[in-house]
There are 2 protein chains.
Amino acid sequence: MRNPLENLERALARLPGLGRRSAERAALALVRQPEVLADPLLAAIAEARAGVVCCDICGGFTLRSENPCPRCTDPMRDTSALCVVEEPGDIAAIERSGAFNGLYHALHGKVSASRGTGPADLRLDALAKRLSSERFREVILATGTDLDGDATAEFLAGMVRSAAPGATVSRLAFGLPVDSGIAYSDPVTLKRAMAGRR
Amino acid sequence: MRNPLENLERALARLPGLGRRSAERAALALVRQPEVLADPLLAAIAEARAGVVCCDICGGFTLRSENPCPRCTDPMRDTSALCVVEEPGDIAAIERSGAFNGLYHALHGKVSASRGTGPADLRLDALAKRLSSERFREVILATGTDLDGDATAEFLAGMVRSAAPGATVSRLAFGLPVDSGIAYSDPVTLKRAMAGRR
């Protein structure tokens with residue numbers, strides 16, 4: 001028998017952040033409490049599926065009815081600064097920090113030798129157009145701190161230098177996360193935190 | 001603006017096994033890869049929601065088209081042994097261990113002082129009827145090893161002694177890690193616990 005419960009477990013296990021056990025628990029809970037868990041989740045997925053799109057300008061998430069997104073069209077934002085991120089979800093994290101009030105550009109990926117993702121797969125044509133037409137004074141490269149993030153930042157830095165030679169290029173500082181102890185930090189983070197001491 | 005992405009995060013975070021961070025990552029992934037992740041998950045939830053029900057006899061999960069479930073109607077199973085579990089999902093875990101070939105009864109909960117769940121909330125009337133009509137020689141109490149599981153097993157033991165005085169009552173051997181539910185135990189642990197029942 002094809003088992004709908006196992007199908008559900010498999011569909012859940014494909015999500016990032018869920019191991020096999022978590023997917024199993026979640027599937028059982030969904031079947032056990034359909035009104036409380038399954039129906040709201042069905043509605044929320046369908047709603048997000050239908051209503052959330054990527055902004056035509058920055059590539060960040062926005063409502064289908066608000067494209068370009070509210071960030072790209074907000075007259076109060078600093079249009080001389082651009083922050084380039086890997087994923088649309090990174091934008092929300094930076095917005096929560098309150099540390100940046102400029103514009104964004106989400107690449108939808110990163111240059112990854114291990115996964116065979118090259119510059120051609122990213123939203124780089126759109127970025128090149130923005131860099132030459134929007135006259136940014138500063139471009140912040142907010143890519144991840146893993147090897148692929150480093151490679152992506154390096155690639156982007158070269159691109160900014162040629163497409164917008166007047167712009168300052170910076171990268172988010174490396175260092176220890178707030179509220180974490182030295183003893184529990186990994187060696188690479190510590191090395192970078194030490195190198196960036198001031 | 002009511003944000004469909006946040007609604008989706010909240011609906012996901014309500015599932016057991018997902019923290020806030022996992023729910024956030026999962027929501028982003030669902031929106032980022034709708035065809036690969038959201039559509040199969042929507043279909044799987046809808047399918048499980050529509051097709052999976054609880055067996056009228058044992059209370060375990062079964063297809064709507066197979067009620068009573070294949071376990072309750074299988075002529076090869078030992079109808080003299082009954083295994084009482086808390087949740088429908090516990091049955092699949094015990095089946096995977098291969099250590100039991102009798103019949104099941106899922107209570108759909110446990111006696112819990114902390115959550116105010118008393119015997120009246122469980123499938124105990126159905127259990128009492130089965131105990132007096134089905135002539136079991138052995139009743140295995142496979143409740144969890146937490147305090148509520150102990151209380152439930154104690155309550156059930158008294159019930160079996162009066163409703164089926166000829167039956168042996170046993171409980172899964174300690175061998176299960178304390179404070180864990182049956183559904184999340186690995187097959188080997190379950191098999192040993194089943195073999196060591198007393």
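Residues numbered from 1 in each chain as written. Chains lettered and ligands numbered in written order. Predicted model: local features only at pLDDT ≥ 70, side-chain atom pairs only at ≥ 80, totals over all residues. Heavy atoms only, no water.

S.K.: Can you tell me about the interface of chain A and chain B, naming the residues and giving the values?
M.R.: Across the boundary between the two partners, chain A contributes 48 residues, which contact 51 residues of chain B. For the pair chain A and chain B, the summed buried area comes to about 4500 Å², and 71% of that belongs to carbon and sulfur atoms. Applying the counting rule to chain A against chain B returns six salt bridges. One can count 10 residue pairs in polar contact (both at pLDDT 80 or more) joining chain A with chain B. (Contact = heavy atoms within 4.5 Å. Buried area = accessible area lost by both parts, 1.4 Å probe. Salt bridge = Lys/Arg side-chain N within 4 Å of Asp/Glu carboxyl O. Polar contact = N/O pair within 3.5 Å; in protein donor to acceptor, adjacent residues only side chain to side chain.)

S.K.: Before we move on, could you go through helix H1 (residues 4–13) of chain A and cite the residues and values that matter?
M.R.: The buried fraction of H1 of chain A is high, at seven of 10 residues. Pro4, Leu5, Asn7, Leu8, Glu9, Ala11 and Leu12 of chain A are the residues of H1 of chain A that are buried. Each element contacted by the buried residues of H1 of chain A is listed here: helix H2 (20–32) of chain A together with helix H3 (34–51), strand E1 (52–54) and strand E2 (61–63) of chain B. Where H1 of chain A begins, the side chain of asparagine 3 of chain A points an oxygen toward the backbone nitrogen of leucine 5 of chain A, at a separation of 2.7 Å. (Buried < 20%, exposed > 50% of the residue type's maximum accessible area, 1.4 Å probe, protein only. Helix = DSSP H or I, 4+ residues; strand = E, 2+ residues; numbered from the N terminus.)

S.K.: Residue-level account of the domain arrangement of chain A, with values.
M.R.: All names here are of chain A. One can read the domain layout of chain A as domain 1 (4–53) and domain 2 (57–171). Its C-alpha centre places domain 1 at a distance of 31 Å from the equivalent point of domain 2. Between domain 1 and domain 2, the contact holds five residues from the first and six residues from the second. Taken together, the two surfaces of domain 1 and domain 2 that pack against each other cover about 420 Å², and 50% of this comes from carbon and sulfur. Summed over the three residues of domain 1 that lose the most area to domain 2, namely Gly51, Val52 and Val53, the buried surface amounts to 86% of that side. On the surface where domain 1 and domain 2 come into contact, there are zero salt bridges. (Domains from an automatic or database assignment.)

S.K.: Which residues make up the pattern of salt bridges, and what are the values?
M.R.: Residue and element names in this part refer to chain A. Inspection of the entire model under this criterion finds 18 salt bridges over all chains. We note a salt bridge from arginine 20 to glutamate 24, for which the minimum N-O separation is 3.2 Å. Here glutamate 24 and arginine 20 lie together in helix H2, a separation of four residues that amounts to about one turn. The buried category is assigned to glutamate 24, whose relative accessible area is 4%. Ionic pairing is found between arginine 77 and glutamate 95, a salt bridge with its closest N-O pair at 2.7 Å. Here glutamate 95 lies in helix H5 (residues 88–97) and arginine 77 lies in the loop between helix H4 (70–73) and strand E3 (81–85), a separation of 18 residues in the sequence. Its relative accessible area of 9% is what places arginine 77 among the buried residues.

S.K.: Now, about the nonpolar core: what can you tell me, with residues and values included?
M.R.: Leu8 and Leu12 of chain A together with Leu8 and Leu12 of chain B are the most contacted members of the largest nonpolar core, which totals 44 residues. Elements with a contribution of two residues or more to this core: H1, H2 and helix H3 (34–51) of chain A together with helix H1 (4–13), helix H2 (20–32) and H3 of chain B. Other than its neighbours up to four places away in sequence, leucine 8 of chain A contacts Ala27, Leu30 and Val31 of chain A together with Leu41, Ala44, Ile45 and Ala48 of chain B. (Core = buried A, V, L, I, M, F, W, Y, C linked by side-chain atoms within 4.5 Å.)

S.K.: Tell me what's going on with the environment of arginine 123 of chain A, and back it up with residues and numbers.
M.R.: Residues and elements named next belong to chain A. In this fold, arginine 123 is placed in the loop between strand E4 (103–106) and helix H6 (124–133). Judged by relative accessible area, arginine 123 falls into the buried class, the value being 18%. Sequence spacing of arginine 123 and cysteine 58 is 65 residues, and the spatial spacing of their C-alpha atoms is 9.4 Å. If we skip the residues at most four places from it in the chain, arginine 123 touches Cys55, Asp56, Ile57, Cys58, Gly59, His105, Ala106, Leu107 and His108. Separated by 2.9 Å, the side chain of arginine 123 and the backbone oxygen of alanine 106 make a polar contact.

S.K.: Talk me through the packing of aromatic side chains; I want residue IDs and the actual numbers.
M.R.: Residues and elements named next belong to chain A. Following the criterion strictly, the structure yields two aromatic pairs over all chains and no others. Ring geometry for phenylalanine 100 and tyrosine 104: centres 5.3 Å apart, planes at 70 degrees, overall edge-to-face. Just as phenylalanine 100 is buried, tyrosine 104 falls in that class too. (Phe/Tyr/Trp six-rings, centres within 6.5 Å; stacked < 30°, edge-to-face > 60°.)

S.K.: How would you explain unusual backbone geometry if you had to name every residue and give the values?
M.R.: Geometrically, the link from asparagine 67 of chain A to proline 68 of chain A is a cis peptide bond, its omega value of 10 degrees lying close to zero. Mapping proline 68 of chain A onto the fold places it in the loop between strand E2 (61–63) and H4. Within the chain, arginine 135 of chain B stands out as a residue other than glycine whose phi angle is a positive 50 degrees. The topology assignment puts arginine 135 of chain B in the loop between helix H6 (124–133) and strand E5 (138–142).

S.K.: Can you explain the environment of isoleucine 140 of chain B? Please cite residues and give values.
M.R.: Residue and element names in this part refer to chain B. Positionally, isoleucine 140 belongs in strand E5. A sequence separation of 38 residues divides isoleucine 140 from glycine 102, and the C-alpha atoms of the two residues are 9.9 Å apart. With residues near it in sequence (within four places) discarded, isoleucine 140 still touches Leu82, Cys83, Val84, Phe100, Ser170, Leu172, Met194 and Arg197.

S.K.: Give me the lowdown on the packing of H1 of chain A against H3 of chain B, citing residues and values where you can.
M.R.: With their axes 9 Å apart at the nearest point, H1 of chain A and H3 of chain B run at an angle of 150 degrees to one another. In terms of axis orientation, H1 of chain A runs roughly antiparallel to H3 of chain B. As H1 of chain A runs across H3 of chain B, the sense of the crossing is left-handed. Where H1 of chain A abuts H3 of chain B, its residues Pro4, Asn7, Leu8, Ala11 and Leu12 of chain A lie against Pro40, Leu41, Ala44, Ile45, Glu47 and Ala48 of chain B. Of the residues assigned to the contact of H1 of chain A with H3 of chain B, the class counts are nine nonpolar, one polar and one charged. (Axes fitted to C-alpha atoms, helices over the stretch in contact; angles between N-to-C directions. Parallel < 35°, antiparallel > 145°, perpendicular 65-115°, else oblique. Left-handed = near helix turned anticlockwise from the far one by under 90°. Nonpolar A, V, L, I, M, F, W, Y, C, P; charged D, E, K, R; others polar.)

S.K.: Tell me about the environment of threonine 143 of chain B, and please be specific about residues and values.
M.R.: Residues and elements named next belong to chain B. Looking at the element boundaries, threonine 143 is found in the loop between E5 and helix H7 (147–163). The class for threonine 143 is buried, based on a relative accessible area of 2%. Once the C-alpha coordinates of threonine 143 and cysteine 83 are considered, the two residues, 60 residues apart in sequence, prove to be 9.5 Å apart. Within polar-contact distance, the side chain of threonine 143 engages the backbone oxygen of glycine 149 at 3.0 Å.

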